[in-house]
Structure formats: C-alpha cells, structure tokens
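Listed here are the chains, written in short residue letters.
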Amino acid sequence: MVVVRIFLRLSSDSGAVEAAREAGFIHYLTESLYVLEAVPQVEVPATSGVPRPKRKEDDYGIFRLYSATVPVQVRSVEGMTFQEWIQSRDSGGYREVVVEAGGEVAAFLRVRLGAAARQLDLMADQESNNTRSLVEYGLAVLGGGGPVYSLVPEFQLQLRNALEERGFRQVAEYACFSRQLMPRVREPHLVPMQA
C-alpha cells in the first residue's frame, strides 16, 4: 500500500500546530468538538424525509452530497475523486442512514454506539430543513445515557446551530492539517493554442 498523504488533527492551542506547519503540513480546516453530557431517552421524531439504512449503492450519492456541501478547498485535500473520498473515510463501528429527496441523497447520518464514546455525524444539503430532526433521530438511535460527541467542520453552520439548540456545548477546537507525500498527476487535457 502506498501512502499518498498524511492527515493530522491537532488541538488548536497545541504547540504542535507550529511544528506541523514547519514540517510542511497545510492547515485546511478547523473543527469544533461538541458534547451533550447526558442524553435523555428520545423518541424517534418525524422527519420530512424518511431515514433508511445506508446501502453500498448509496456511496456515490453520499459522495455527490459531500461534493455539494463541502468547500472545494477541503475537498481538494480530503478527496476530489470518488476513489480518494472512499479511501479517506473512517469505516466500521457506525450505524448509517440516508434521507432521500427527489431520488437523490439529501442527508447522511452516522452514529457510533461505542460504550466509551458515542458519536453523531451529519451531512445535509444546505436547503434541507431536516438538520434538527436528524439530530433528534440520531439521539433516539443512540438512546439515553452518557455523553454524545459531534465533530463539526467550520462550514456546517446548520449542524452547529442544531446541536447548540439541543443543548450540546463546544468543548474543543481542532486544526486539521494534511501533507501530500506524492505529487498529484494532472490529467492531460487540450489547451487552446494562441498564435
């Protein structure tokens, strides 16, 4: 296996941030960690779209949602192509659901049901009004109990607002870095010649 790039997630106030820059890592994203300390038992809410379990064939629809919602500066680091995106994703230990609208994936929700760390991740179309109800849906899936964490990229304002309204509080901020180990190969293409 060839390693093409390395990712770092460092506490924003860590002394390692400057060391990462000096080592050639590029800061491409800031994320905030939110926590809800105690989760009461929540009933599954009604949503305008019906969440269903994610299937393997949903991967490309989720990639299209990712491409539509994530800024190009972040996508250029994490994965501009479908294959790069697939390779950069965490796998295992999640329960994943999608919401469709007009035959397209409009929202993607992942929850991790671990005993030590329960996690909620959400990506939704900017026009979607499902963010709050999907946060509630995720909490219902997680069930009552101790803390739930959500790592929110700086550009996901709808999710940030929905979490804060639900009682989540920000407990940390992280700087995300990447370093490209192999040069990108540009695809050949025709360029108009000037006389």
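The preceding data block contains the structure.
What this report covers is the structure whose coordinates are included nearby.

Calculation criteria
Sequence order as written defines the numbering, with residues in each chain counted from 1. Confidence filtering applies because this is a predicted model: local features only for residues at pLDDT of at least 70, side-chain atom pairs given and counted only at 80 or more, and all residues used for totals across whole chains, interfaces and linings. In computing side-chain properties, one takes all heavy atoms of the structure into account and sets aside hydrogens as well as water. Stacked, tilted and edge-to-face are the three classes applied to pairs of Phe, Tyr and Trp rings, where Trp contributes its six-membered ring and a pair requires centres within 6.5 Å; stacked means planes under 30 degrees apart, edge-to-face means over 60, and tilted covers the rest. Numbered from the N terminus, helices here are DSSP runs of H or I no shorter than four residues, and strands are runs of E no shorter than two. Salt bridge, as used here, is a side-chain nitrogen of Lys or Arg placed within 4 Å of a carboxyl oxygen of Asp or Glu. Accessible area is worked out with a 1.4 Å probe on protein chains only. A residue is then buried under 20% of its type maximum, exposed over 50%, and partly exposed in between. Regarding the arc, it is the one traced by the directions from the helix axis to the C-beta atoms. Contacts are assigned to residue pairs that have any heavy atoms within 4.5 Å of one another.

## A closer look at the packing of aromatic side chains
Turning to step 1, where the next piece is worked out: The final tally for this structure, using the stated rule, is 8 aromatic pairs.
Turning to step 2, where the next piece is worked out: An angle of 40° between the planes, with centres 5.9 Å apart, marks the rings of Tyr60 and Phe63 as tilted. Of this pair, Tyr60 and Phe63 both sit in helix α2 (residues 59–69), separated by 3 residues, roughly a single helical turn.
Turning to step 3, where the next piece is worked out: Seen from their ring centres, Tyr66 and Trp85 are 5.9 Å apart, and the 40° between their planes marks the pair as tilted.

## Here we look at the pattern of salt bridges
Turning to step 1, where the next piece is worked out: In the structure shown here, the tally under the stated rule is 12 salt bridges.
Turning to step 2, where the next piece is worked out: In this structure, the salt-bridge partner of Arg9 is Glu31, at a minimum N-O distance of 2.7 Å. Note that Arg9 is positioned in strand β1 (residues 5–11) and Glu31 in strand β2 (residues 26–36), a separation of 22 residues in sequence.
Turning to step 3, where the next piece is worked out: Using a relative accessible area of 7% as the deciding quantity, one classes Glu31 as buried.

## What about helix α6 (residues 157–166)?
Turning to step 1, where the next piece is worked out: When we look at burial in α6, the residues that qualify are Leu159, Arg160, Ala162 and Leu163. The arc enclosing the buried residues of α6, seen along the axis, measures out at 165°, which places them on a common side. Along α6, the residues that are exposed and aim more than 90 degrees away from the buried face are Leu157 and Glu165.
Turning to step 2, where the next piece is worked out: On its buried face, α6 is in contact with β2, β6 (118–124), α5 (131–142), β7 (148–153) and β8 (169–180).
Turning to step 3, where the next piece is worked out: At the exit of α6 stands Gly167, carrying a positive phi of roughly 105°.

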